[in-house]
Protein chains: 2
Amino acid sequence: MRYAKFFIVLLVAGFAGFSSYSFAVEEVKVPDAMTVIHSRKSVRNFTGQSVDKKMLEKIVRAGMAAPTAVNMQPWAFVIVIDRAALDSLASVLPYAKMLDKAGAAIVVCAIPAKAYGGSKEFAVIDSTCASENILLAAEALGLGALWTAVYPDEGRMDAVREKLGIPEDVIPLNVIPVGYPTGVDKPKDKYNSENIKWERWQP
Amino acid sequence: MRYAKFFIVLLVAGFAGFSSYSFAVEEVKVPDAMTVIHSRKSVRNFTGQSVDKKMLEKIVRAGMAAPTAVNMQPWAFVIVIDRAALDSLASVLPYAKMLDKAGAAIVVCAIPAKAYGGSKEFAVIDSTCASENILLAAEALGLGALWTAVYPDEGRMDAVREKLGIPEDVIPLNVIPVGYPTGVDKPKDKYNSENIKWERWQP
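So, a few notes on the structure that sits alongside this text. As the structure is a prediction and not an experimental result, all values here were calculated from the model. (Residues numbered from 1 in each chain as written. Chains lettered and ligands numbered in written order. Predicted model: local features only at pLDDT ≥ 70, side-chain atom pairs only at ≥ 80, totals over all residues. Heavy atoms only, no water.)

Re the overall build of chain A
- From N to C terminus, chain A includes 6 helices and 7 strands.
- Going from N to C terminus, chain A has its helices and strands arranged as α-α-α-β-α-β-α-β-β-α-β-β-β.
- Out of the 203 residues belonging to chain A, those deemed buried represent 53%.
- Across chain A, contacts joining residues at least 24 apart in sequence account for 75% of those joining residues at least 6 apart. (Helix = DSSP H or I, 4+ residues; strand = E, 2+ residues; numbered from the N terminus. Buried < 20%, exposed > 50% of the residue type's maximum accessible area, 1.4 Å probe, protein only. Contact = heavy atoms within 4.5 Å.)

What follows is the structure, given as structure tokens:
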């Protein structure tokens, strides 16, 4: 009888433990935010596997969760998945050759006319916050991505505008290839205590 | 004897369950990255509680994990925790009055001279990525924060430079008050399907 009681207590403990374990496994499908921030890296090597549209929408949705000056949301996101279109983009962007194995490209567009005060600066800053969210969301979902710069290079901006039909008054800020990483790209540790200044600037 | 065997099996299961439970609790202290991205909000209402220096370092460390053009890391971070200094900053920044109840301010500084090609644009973009990481890290650690704009307003930039001894050729991009949120500030759902353009720009 003493054994039996103990047995029930342990049975309950075992089940409670087991169910919380399954819960934990569910939770860690997307790693915690600090881990993702520190494991994000510029992924240049992709497997060539295509990326699900729902996944890309999820990533861009994370972009739209970024803060914007006076909540103006001065942005748009062109998502390219067509193989020929990706190759065509790569043909005019010397630093985006890895598009050949990426599953998609997200082009973050900054729209000064929609920004607070019509400011180009705020349009670029707000769209940069969205871009960082996009890079983190890709990492969070097990994908790889990197920022290939378009702005402020006038030639690249015009080339991307031409390929994707983007109007003259909209700034294609970057082209972000997104795909499945081969695993060779690793995060850098960029911590440098000299970049922290307590209370005041110190040289 | 049969009971005893069963007892041992359950004991092991119980312990295994229990330890994984503690593990799960550890893990969920920082929520998953997608949750943090979507629950980040501009926190304007703080409790007045001070923020631990270690916590602030952790947040700025997350900032330094952001990508930068050609890995130039053209940034520095001034962390202000002195009460008088925070009030003094607030006195010259009309949109940063919430500093009175914040525990700290992080001033993200963009350094064109350190940026790729000496570019002001890349200095601002790279430091903006760091700022977004900082906002997300604050949320991840249970704190609140918001971007109060300094750049591109010349008057505000000069005022912040003067208060913190920041050199003329360094851009104080923002002042980010950090503190414990009262809970009244909530995230906005900014998803707008019209901002997604598949394959090409569509008006």
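Some remarks on the interface of chain B and chain A
- Chain B puts 84 residues into the contact, and the matching count from chain A is 83 residues.
- Approximately 7,400 Å² of surface area, both sides summed, lies buried where chain B meets chain A, with 69% of it carried by carbon and sulfur atoms.
- Connecting chain B to chain A are 0 salt bridges.
- Every element with two or more residues in the side of chain B that touches chain A is listed here: α1 (2-27), α2 (33-39), α3 (53-63), β1 (75-80), α5 (120-140), α6 (154-164) and β7 (196-198) of chain B.
- If you tally residues by element for the side of chain B that touches chain A, the top one is α1 of chain B, at 13 residues.
- Judged from the 3 bridges that link them, strand β1 (residues 75-80) of chain A and β7 of chain B form a sheet pairing that is parallel. The partner of Phe77 of chain A across the bridge, within β7 of chain B, is Ile196 of chain B. (Buried area = accessible area lost by both parts, 1.4 Å probe. Salt bridge = Lys/Arg side-chain N within 4 Å of Asp/Glu carboxyl O. Pairing = 2+ DSSP bridges.)

Some words on α5 of chain B
- Over its 21 residues, α5 of chain B extends 30 Å from the first C-alpha to the last, a length consistent with the 30 Å expected when each residue adds 1.5 Å.
- Residue Ser119 of chain B occupies the N-cap position of α5 of chain B, its side-chain oxygen lying 3.1 Å from the main-chain nitrogen of Glu121 of chain B. (Expected span 1.5 Å × (residues − 1). Polar contact = N/O pair within 3.5 Å; in protein donor to acceptor, adjacent residues only side chain to side chain.)

So, the packing of aromatic side chains
- Counted according to the given criterion, the structure contains 4 aromatic pairs over all chains.
- Between Trp75 of chain A and Phe77 of chain A, the aromatic rings sit 5.9 Å apart at their centres with planes inclined by 50 degrees, giving tilted as the arrangement. For the pair shown, Trp75 of chain A and Phe77 of chain A are each scored as buried.
- In this structure, Arg61 of chain B is placed above the aromatic ring of Tyr191 of chain A, and the distance from its NZ or CZ to the ring centre is 3.7 Å.
- When the ring centre of Trp201 of chain B is taken as reference, the NZ or CZ atom of Lys197 of chain B above it lies at 4.8 Å. (Phe/Tyr/Trp six-rings, centres within 6.5 Å; stacked < 30°, edge-to-face > 60°. Lys NZ or Arg CZ within 6 Å of the ring centre and 35° of its normal.)

Quick notes on the packing of helix α4 (residues 83-92) of chain B against α6 of chain B
All names here are of chain B.
- Direction vectors running N to C along α4 and α6 enclose 160 degrees, while the axes themselves pass 10 Å from each other. What the angle tells us is that α4 and α6 run roughly antiparallel. The handedness of the crossing between α4 and α6 comes out as right-handed. Contacts between α4 and α6 involve Ser88, Leu89, Ser91 and Val92 on the former and, on the latter, Ala159, Val160, Lys163 and Leu164.
- Classifying every residue of the contact of α4 with α6 gives 5 nonpolar, 2 polar and 1 charged. (Axes fitted to C-alpha atoms, helices over the stretch in contact; angles between N-to-C directions. Parallel < 35°, antiparallel > 145°, perpendicular 65-115°, else oblique. Left-handed = near helix turned anticlockwise from the far one by under 90°. Nonpolar A, V, L, I, M, F, W, Y, C, P; charged D, E, K, R; others polar.)

Topic: the pairing of β1 of chain B
All names here are of chain B.
- For β1, the tally of buried residues reaches 6 of 6 residues, placing the bulk of the element in the interior.
- Residues Trp75, Phe77 and Ile79 of β1 are buried on one face, and the alternating residues Ala76, Val78 and Val80, pointing to the opposite face, are buried as well.
- Both β1 and strand β2 (residues 104-110) contribute to a ladder of 6 bridges, which runs antiparallel. Looking across to β2, one finds that Phe77 is bridged to Val108.

Examining the side chain of Asn195 of chain B
- Take Asn195 of chain B: it is sitting in the loop between β6 (174-179) and β7.
- Setting aside anything within four residues of it in sequence, one finds Asn195 of chain B in contact with Met64, Trp75, Ala76, Phe77 and Lys114 of chain A.

Section: the relation of the copies chain B and chain A
- Note on the identical chains: chain B maps onto chain A by a rotation of 180 degrees and an axial translation of 0.0 Å, with an RMSD of 0.0 Å. Taken together, the rotation angle and the small translation identify this as a two-fold axis.
- Both copies share a contact surface, since 99% of the interface residues of chain B are interface residues in chain A too. (Least-squares fit on C-alpha atoms with pLDDT ≥ 70 in both.)

Focus: the pairing of strand β6 (residues 174-179) of chain A
All names here are of chain A.
- β6 sits mainly inside the fold: 6 of its 6 residues count as buried.
- Of the two faces of β6, the one holding Asn174, Ile176 and Val178 and the one holding Val175, Pro177 and Gly179 are both buried throughout.
- Bridge analysis of strand β4 (residues 148-149) against β6 gives 2 bridges, and the strand direction is antiparallel. Looking across to β6, one finds that Thr148 is bridged to Val175.

A closer look at the environment of Ala65 of chain A
- Among the secondary structure elements, Ala65 of chain A is positioned in the loop between α3 (53-63) and β1.
- Among the residues examined, Ala65 of chain A registers a relative accessible area of 9% and is labelled buried.
- For the pair Ala65 of chain A and Ala130 of chain A, spaced 65 residues apart in sequence, the C-alpha to C-alpha distance is 7.2 Å.
- Each residue touching Ala65 of chain A, except ones within four places of it in the same chain, is listed here: Asn133 of chain A together with Ile37, His38, Arg40 and Lys190 of chain B.

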